[in-house]
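If you want the building blocks of each chain, they are given just below.
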Amino acid sequence: MRRLETQLDGPILLEPQVHGDARGFFLETARANVLAELGIHDGFVQDNHSRSAHGVLRGMHLQPGMAKLVRCARGRILDVLVDVRPDSPGFGRWESFELDDERHRQLYCPDGFAHGFCVLSDVADVIYRCSAYYDPAREQGFRYDDPDVGIAWPAEIEPQVSERDAQAPRLSRLFTSARSEGSSTSR
């Protein structure tokens, strides 16, 4: 497995060594010591698997304290990360990566980044490992089409989004309200 360069500071794109022939392929998707050598030190405690149809867009989601290791086991997706660390010089910047079942790349989404994806193939199975247990009380999200963030989703896709994602606040509002709540509860 090797680490590929990313523009944002924090995310890591991984490319595995795939052993394939006419029968199919074999690859390692995770090995703790190799992940650590490549800069991923999180212990993963929960694995999730989603299946989505063409055009489904899920995001932008985050849970403070949770990192993810994402791969597309079937199909092809455009995977997007947004830096949501309030004190980061990259706050609000995004980067996208194509993940698919041919190159088998994985994307490490560190704590402090929101994650979302759009399905480019007929169907896609996305598997992600999480460094914390899912907690609906801590989960947050912002609009996938927030004009201040300006994510360039594929123009040829008519996004299918959940009502929750369609009604999510803008990133600036999410963090303004989080800071206000934090100030009032800490006094």
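For the structure itself, look to the data block above.
Read on for a plain summary of the structure. Quick caveat: nothing in here was measured; it's all calculated off a predicted structure.

1. Observations concerning the sheet that holds strand β9 (residues 94-100)
Backbone-to-backbone hydrogen bonds join strands into a sheet, with any given pair of strands oriented parallel or antiparallel. Ordered by their spatial adjacency, five strands build an open sheet running β9-β8-β11-β6-β13, and the pairing between neighbours is antiparallel. One side of each edge strand has no neighbouring strand; the edge strands of this open sheet are β9 and β13 (140-141). Judged from the seven bridges that link them, strand β8 (residues 76-83) and β9 form a sheet pairing that is antiparallel. Bridged to Ile 77 within β9 is Leu 99.

2. A short note on the state of the cysteines
Following the criterion strictly, the structure yields zero disulfides and no others. Left unpaired, Cys 72 is separated from the closest cysteine sulfur, that of Cys 118, by 12 Å. The cysteine Cys 130 is free of any disulfide, with Cys 109 supplying the nearest cysteine sulfur at 9.5 Å. The class of Cys 130 is buried, set by a relative accessible area of 1%.

3. Quick word on the side chain of Asp 165
Within the element layout of this structure, Asp 165 appears in helix α2 (residues 163-166). Within the structure, the side chain of Asp 165 is placed 3.2 Å from the backbone nitrogen of Gly 59, a separation counted as a polar contact. Setting aside residues no more than four positions away along its own chain, Asp 165 makes contact with Leu 57, Arg 58, Gly 59, His 61, Arg 143 and Tyr 144.

Basis of the calculations
Residues numbered from 1 in each chain as written. Predicted model: local features only at pLDDT ≥ 70, side-chain atom pairs only at ≥ 80, totals over all residues. Heavy atoms only, no water. Pairing = 2+ DSSP bridges. Helix = DSSP H or I, 4+ residues; strand = E, 2+ residues; numbered from the N terminus. Disulfide = S-S within 2.5 Å. Buried < 20%, exposed > 50% of the residue type's maximum accessible area, 1.4 Å probe, protein only. Polar contact = N/O pair within 3.5 Å; in protein donor to acceptor, adjacent residues only side chain to side chain. Contact = heavy atoms within 4.5 Å.

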